[in-house]
Amino acid sequence: GEDVEQSLFLSVREGDSSVINCTYTDSSSTYLYWYKQEPGAGLQLLTYIFSNMDMKQDQRLTVLLNKKDKHLSLRIADTQTGDSAIYFCAEGFYTGRRALTFGSGTRLQVQP
Amino acid sequence: DAGVIQSPRHEVTEMGQEVTLRCKPISGHDYLFWYRQTMMRGLELLIYFNNNVPIDDSGMPEDRFSAKMPNASFSTLKIQPSEPRDSAVYFCASSAMGGQTNYGYTFGSGTRLTVV
């Protein structure tokens, strides 16, 4: 079955690194995504990683993928107050006949 | 492209009334998704279309909910009659190739529905 799990809340101080974790159950996923949702807005694609990669870095963002443990993480370096938002992980599959499966979202609060 | 456009942004209606939410996907995208977001249940997939044809509507709560996509540039989600428990933010998203690319889905800004 499909299940994507995330912790609900994370609080960090400005300037620290944030690590948001996600676990999934379906090993047939092809792409894994991180979305960001700011208050009153829709979800915005932040970054992604293809399932045959272990790591992807994009400026302050680092995505790590452990396929053996079905664990995905998003590290935000030098976290800023503007990073306060809800972060969703999602897994996608080769066939377009299955929609992306989203986690419940992690609310990141950045303390000044 | 202006992105995925949803209307209205906010809707307040009385219990029992019909509500229609609208969505214009990104031109050229062949998949369209309707999601509902609540504090209690998170983000739920209601239904999605491919080339205007409904593919999976297993997430539609009950017969009070219906969705249509008469053409590639327009979709509606209708609730009739509405109930207070339908209060939520409803998102529309679109994608090319079912989102199985590095682009994922593009979401609209959502419609916040309040049923009193």
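For the structure given in this document, a descriptive report is provided here.

### Thoughts on the overall build of chain B
A tally of helices and strands in chain B yields 0 helices and 11 strands. Relative to the globule expectation of 13 Å for 116 residues, the C-alpha radius of gyration of chain B, 13 Å, shows essentially globular dimensions. Projecting the C-alpha coordinates of chain B onto the three principal axes gives extents of approximately 40 × 25 × 25 Å. For chain B, the proportion of its 116 residues judged to be buried stands at 48%. Put simply, chain B shows about 5,600 Å² of open surface, and 50% of that area lies on carbon and sulfur atoms.

### Notes on unusual backbone geometry
Pro8 of chain B follows Ser7 of chain B through a cis peptide bond whose omega is -10°. With respect to the secondary-structure elements, Pro8 of chain B resides in the loop between strand 1 (5-7) and strand 2 (10-13). The amide bond that connects Gln80 of chain B to the next residue, Pro81 of chain B, takes the cis arrangement and shows omega of -10°. In the Ramachandran plot, Lys70 of chain A falls in the positive-phi region, its phi being about 55° despite a non-glycine side chain. Among the secondary structure elements, Lys70 of chain A is positioned in the loop between strand 7 (61-66) and strand 8 (71-76). A positive phi angle, near 50°, is found at Asp78 of chain A, a position not held by glycine. Judged by its relative accessible area of 41%, Asp78 of chain A falls in the partly exposed class.

### Overview of the nonpolar core
Core analysis: the biggest nonpolar cluster contains 21 residues, and Trp34, Leu77 and Tyr90 of chain B have the highest contact counts within it. Elements supplying a minimum of two residues to this core: strand 3 (19-24), strand 4 (31-38), strand 5 (42-50), strand 7 (65-71), strand 8 (74-79), strand 9 (88-95) and strand 11 (111-115) of chain B. When near neighbours in sequence (up to four residues on either side) are disregarded, Tyr90 of chain B contacts Gln6, Leu21, Tyr35, Arg36, Leu46, Phe65, Leu77, Ile79, Gly110, Thr111 and Leu113 of chain B. Of all hydrophobic cores here, the second largest spans 20 residues; its members include Tyr35 and Ile86 of chain A together with Tyr48 and Tyr105 of chain B.

About the cut-offs
Residues numbered from 1 in each chain as written. Chains lettered and ligands numbered in written order. Predicted model: local features only at pLDDT ≥ 70, side-chain atom pairs only at ≥ 80, totals over all residues. Heavy atoms only, no water. Helix = DSSP H or I, 4+ residues; strand = E, 2+ residues; numbered from the N terminus. Rg over C-alpha atoms; globule rule 2.2 N^0.38 Å. Buried < 20%, exposed > 50% of the residue type's maximum accessible area, 1.4 Å probe, protein only. Areas by Shrake-Rupley, 256 points an atom, 1.4 Å probe, with all protein chains shown as cover. Core = buried A, V, L, I, M, F, W, Y, C linked by side-chain atoms within 4.5 Å. Contact = heavy atoms within 4.5 Å.

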